Amino acid sequence: MMDASFWKGKKVFLTGHSGFKGSWLSLWLKEMGAIVKGYSLSAPTSPSLFEIANIAADMDSVEGDIRDFDHLLKEFHIFRPEIVFHMAAQPLVRLSYDDPIETYSTNVMGTVHLLEVIRQVGGVKAIVNITSDKCYENREWAWGYRENEPMGGYDPYSNSKGCAELVAASFRQSFFNASEHAQHGCALASVRAGNVIGGGDWAADRLIPDMLKAFSGQKPVEIRSPNAIRPWQHVLEPLSGYITIAEKLYILGPDFAEGWNFGPKDDDAKSVEWIVEKLASIWGKGAQWCLSDGEHPHEAHYLKLDCSKANMRLNWQPVWDLSTTLEKIVNWQKAWLENQDMNQYTICEIKDYMAARAKSRK
């Protein structure tokens, strides 16, 4: 499992560091002593975790577009990272219907640009390419998708993530091949996670942020797909898997250069209606919801991952159940509303998670 001491002094380049997942990962890496450089567009929401938790402190934070090859190349030459996490993306299904060109150019060609920069500059030992559980061809079946299932995706976002997986596989075979690791020294893995939730997420058109915004204002939140089932998990769960994979790639090279799933236990694949009722109960006074009227674009009804490989080969499994996760989210939101120091609050939550993970291994 992950070793916090490994990260002290490691030079880590993180794309998409101003986003929700990127902000949590930046803070975690810095807490473990890594030297972090972030490359991203400005924070995608206002408010944002990036600003509220002062993520840019104690790191080199660069505003840039993953599609800008020359700028990205320049920043790599300056920093010379050892480890790369690629998170920069257009992450929303419904926005992908409105702007498929931006979705594909960011999620597919952005990945091509990053991997080509790494190939040209050299010196990177570990690449963790972050995609999504939606990269799989979704057949709406009852069992989880394994890492060797076909890539696909109905909507432009999901499909773009399947394409990004194919891009990573091609670069791994063509330029970072395991048989030539002694020459290039680079190992590339792709990681796929389910619906991540946690404090500090204000993304548009997402269930938990919409609920918290409505509850805070004592207004009813509109729910559009109450029977849809998703593999909900706290954002720190898959991030712990990404960190573990990066360590394995750095130390053992191509032995772990493949696809990996990180999802919740089967019991935590819950319906939207279950989430809404549970979160409303935890929030308390002022929490109301209703069904949304009107037509909505197609979204997958049922999707979950088989994480047996991560469990067996990495000794990885989730440590916070869904009820604990929802309590953490409500507590984070209320701490922010009370004007607490959210940098320190978020770091404390990371430490609580690390302690829980360490305890689960005993």
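Residues numbered from 1 in each chain as written. Predicted model: local features only at pLDDT ≥ 70, side-chain atom pairs only at ≥ 80, totals over all residues. Heavy atoms only, no water.

1. What about the overall build of the protein chain?
- From N to C terminus, the protein chain includes 13 helices and 13 strands.
- In terms of overall size, the protein chain behaves like a compact globule, its C-alpha atoms giving a radius of gyration of 19 Å where 362 residues would be expected to give roughly 21 Å.
- By its C-alpha atoms, the protein chain is 60 × 45 × 45 Å across when sized along the principal axes.
- Relative to its 362 residues, the protein chain shows a buried fraction of 55%.
- Within the structure as shown, the protein chain displays about 15100 Å² of accessible surface, and the carbon and sulfur contribution to it stands at 49%.
- Side chains of the protein chain give 38 positive and 46 negative charges; the mean places of these two sets differ by 5 Å. (Helix = DSSP H or I, 4+ residues; strand = E, 2+ residues; numbered from the N terminus. Rg over C-alpha atoms; globule rule 2.2 N^0.38 Å. Buried < 20%, exposed > 50% of the residue type's maximum accessible area, 1.4 Å probe, protein only. Areas by Shrake-Rupley, 256 points an atom, 1.4 Å probe, with all protein chains shown as cover. Lys, Arg positive; Asp, Glu negative; His and termini not counted. Charge placed at Lys NZ, Arg CZ, Asp CG, Glu CD.)

2. Brief notes about the side chain of H234
- For H234, the position within the fold is in strand β10 (residues 233-234).
- Overall, the relative accessible area of 0% leaves H234 in the buried class.
- Of note is the side chain of H234, whose polar atom sits 3.2 Å from the side chain of E349. (Polar contact = N/O pair within 3.5 Å; in protein donor to acceptor, adjacent residues only side chain to side chain.)

3. What to know about the nonpolar core
- Core analysis: the biggest nonpolar cluster contains 55 residues, and W7, F85 and Y242 have the highest contact counts within it.
- The element best represented in this core is helix α9 (residues 236-252), accounting for 8 residues.
- Non-local contacts of Y242, meaning those with residues more than four positions away in its chain, are made with K21, F85, M87, V128, I130, V191, A193 and F262.
- With 24 residues, the next largest nonpolar core counts V108, V117, F171 and L188 among its residues. (Core = buried A, V, L, I, M, F, W, Y, C linked by side-chain atoms within 4.5 Å. Contact = heavy atoms within 4.5 Å.)

4. So, the packing of aromatic side chains
- Following the criterion strictly, the structure yields 16 aromatic pairs and no others.
- Grouping aromatic residues by their ring pairs yields a cluster made of F6, W7, F85 and Y250.
- If you follow R119 out to its NZ or CZ, it ends over the ring of F175, 4.4 Å from the centre.
- Against the face of W274 rests K270, its NZ or CZ located 5.0 Å from the ring centre. (Phe/Tyr/Trp six-rings, centres within 6.5 Å; stacked < 30°, edge-to-face > 60°. Lys NZ or Arg CZ within 6 Å of the ring centre and 35° of its normal.)

5. Details of the packing of helix α5 (residues 100-121) against helix α6 (residues 156-174)
- Closest axis-to-axis distance for the α5/α6 pair is 9 Å, and the angle between their directions is 15 degrees. When the interaxial angle is binned, α5 and α6 end up roughly parallel. Between α5 and α6 lies a crossing whose hand is right-handed. Here P100, T103, Y104, N107, V108, T111, V112, L115 and E116 of α5 lie close against α6, whose contacting residues are P156, Y157, N159, S160, K161, C163, A164, V167, A168 and F171.
- A per-class count over the contact of α5 with α6 returns 12 nonpolar, 5 polar and 2 charged. (Axes fitted to C-alpha atoms, helices over the stretch in contact; angles between N-to-C directions. Parallel < 35°, antiparallel > 145°, perpendicular 65-115°, else oblique. Left-handed = near helix turned anticlockwise from the far one by under 90°. Nonpolar A, V, L, I, M, F, W, Y, C, P; charged D, E, K, R; others polar.)

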